[in-house]
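# Observations on the three-dimensional arrangement
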Amino acid sequence: MSFRFTGTRRPRSPYRRVGFAGIDSPFNENPLVFQRSQLHMPSIFSKIIAREIPARILYEDDQVIAFLDINPIAPGHTLVVPKHEEPNLLASSEEDMIAVIRAVRLVAPAILKAVGAEGFTTTSATGAVSGQSVFHTHIHIIPRFPNDGHLSWQPTTMSAEALDEVSAKIKNYL
Ligand code: AMP
């Protein structure tokens, strides 16, 4: 008898949150720091690193790999990824993030020259709410062209009191 899954439940996350109520953990305060569970499956980027699936690799060293995004926002759109898999830039180590930024600074000028772009945007989504779709830390390098209309967001105005209030709240947590 064959089994057909007809439910709408999403697959169980391969990550679990680190830190639980009542347990003293530095991660308790930070709901975005996850630890891999025993159910962990390698991310699609880990499969690229392991050469299990193909990618257009531009740069690689001991800690970092950079390859073209398969669905680019612009020609030359590149992802810079730490080889050690963690779900986002809060979970990756400082050393890995330094290596990622070093690679961004190395690769971005080459991309700009190759595609004739005047500048680039770096972005990294953390958390599904921000649009993160691959839960393996990565920084996008997106070449920019005049009036390309990409990534434009609408600034708002906020009163001085409201800015003071949010500033005080954030500093409270630092
Ligand atoms: P984000 O949605 O910010 O997590 O970014 C994930 C990015 O990974 C998207 O821009 C995807 O197009 C890209 N991506 C997903 N799978 C692959 C792949 N196999 N090779 C290259 N890029 C990929």
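First things first, this report covers the structure right here in the doc. The shown structure was predicted, so the numbers you read here are calculated from the model rather than taken from an experiment. Position numbers for residues count from 1 along each chain, tracking the sequence in the order it is written. The predicted origin of the model limits local features to residues at a pLDDT of at least 70 and limits the giving and counting of side-chain atom pairs to 80 or more, whereas totals for whole chains, interfaces and linings rest on all residues. Neither water nor hydrogens contribute to the side-chain values; these are computed over all heavy atoms in the structure.

The next thing to look at is empty space enclosed by the protein. A cavity here means a set of points on a 1 Å grid, drawn over the protein atoms and nothing else, where a 1.4 Å probe fits but cannot get out; a pocket is an open set with protein on both sides within 12 Å along at least five of seven lines, and a residue lines either one if it has an atom within 4 Å of a point. Grid points are joined across faces, edges and corners, and a volume is the space filled by probe spheres set on the points. By the definition in use, this model includes 1 cavity of 30 Å³ or more. If you trace the largest cavity, you find it lined by Pro87, Asn88, Leu89, Ser124, Ala125, Thr126, Gln132, His136, Thr137 and His138. In this classification, the charged set is Asp, Glu, Lys and Arg, the nonpolar set is Ala, Val, Leu, Ile, Met, Phe, Trp, Tyr, Cys and Pro, and all remaining amino acids, among them Gly, are polar. Of the residues assigned to the lining of the largest cavity, the class counts are 3 nonpolar, 7 polar and no charged.

Let us now look at the packing of aromatic side chains. The relative placement of two aromatic rings is captured by the distance of their centres and the angle of their planes. Two aromatic rings from Phe, Tyr or Trp, using only the six-membered ring of Trp, form a pair when their centres are within 6.5 Å; if the ring planes differ by under 30 degrees the pair is stacked, by over 60 it is edge-to-face, and anything between is tilted. Counted according to the given criterion, the structure contains 1 aromatic pair. Aromatic side chains Phe45 and Phe67 sit 5.3 Å apart centroid to centroid with 70° between the ring planes, which places their arrangement in the edge-to-face category. Of the two residues, Phe45 is situated in helix H1 (residues 44-49) and Phe67 in strand S4 (residues 64-68); the sequence distance between them amounts to 22 residues. Secondary structure is summarised from DSSP: a helix means a run of H or I of at least four residues, a strand means a run of E of at least two, and numbering begins at the N terminus for each.

Within the fold, Ala91 resides in the loop between strand S5 (78-82) and helix H2 (94-115). Only protein chains enter the accessibility calculation, which uses a 1.4 Å probe; a residue whose area is less than 20% of its type maximum is buried, one above 50% is exposed, and one in between is partly exposed. For Ala91, a relative accessible area of 19% corresponds to the buried category. Between the C-alpha atom of Ala91 and that of His136, which follows or precedes it by 45 residues, the distance is 9.6 Å.

This next bit is on H2. Relative to the 32 Å expected for 22 residues at 1.5 Å per residue, H2 spans 31 Å between its end C-alpha atoms, a close match to the ideal helical length. The quantity called bend is, for any residue, the angle between two axes fitted respectively to the seven residues ending at it and the seven beginning at it. Bending of H2 peaks at approximately 25° at the position of Val107, with proline Pro109 no more than four residues after it. Every buried residue of H2 is accounted for by Asp96, Met97, Ala99, Val100, Ala103, Val104, Val107, Ala108, Ile111 and Leu112. In what follows, a contact means two residues having at least one pair of non-hydrogen atoms within 4.5 Å. In the core, the buried residues of H2 are packed alongside strand S3 (57-60), S4, S5, strand S6 (119-123) and strand S7 (139-144). One less than the number of residues in a helix, times 1.5 Å, gives the span that helix is expected to have.

Turning to the sheet that holds S6, a few remarks are in order. Any two strands between which DSSP finds at least two bridges are classified as paired. Strand order in the open sheet made by the 5 strands is S3-S4-S5-S7-S6, with antiparallel pairing throughout. Because the sheet does not close on itself, it has two edges, and the strands there are S3 and S6. Sheet twist, expressed as the average angle between the axes of neighbouring strands with direction ignored, equals 20°. Sheet topology note: the S3/S4 ladder contains 3 bridges and is antiparallel. Across the sheet, Tyr59 pairs through a bridge with Ala66, a residue of S4. Interaxial angles span 0 to 180 degrees and are taken between N-to-C directions of axes, which are lines fitted to C-alpha atoms, for helices over the stretch in contact. Packing of H2 onto the sheet brings it into contact with S3, S4, S5, S6 and S7, and relative to S7 it is tilted by some 20°.

It is worth spelling out the pattern of salt bridges at this point. For salt bridges, the criterion is a side-chain nitrogen of Lys or Arg within 4 Å of an Asp or Glu carboxyl oxygen. In this structure the tally under the stated criterion is 4 salt bridges. A salt bridge links Arg51 to Glu60, with the shortest nitrogen-to-oxygen separation between them at 2.7 Å. A relative accessible area of 47% means that Arg51 is categorised as partly exposed. Note that Glu60 is salt-bridged to Lys83, the shortest N-O span being 2.9 Å. Here Glu60, found in strand S3, pairs with Lys83, found in the loop between S5 and H2; they are 23 residues apart in sequence, far enough to count as distant. Overall, Glu60 belongs to the partly exposed group, its relative accessible area being 32%. Sharing partners across several salt bridges, the network here consists of Arg51, Glu60 and Lys83.

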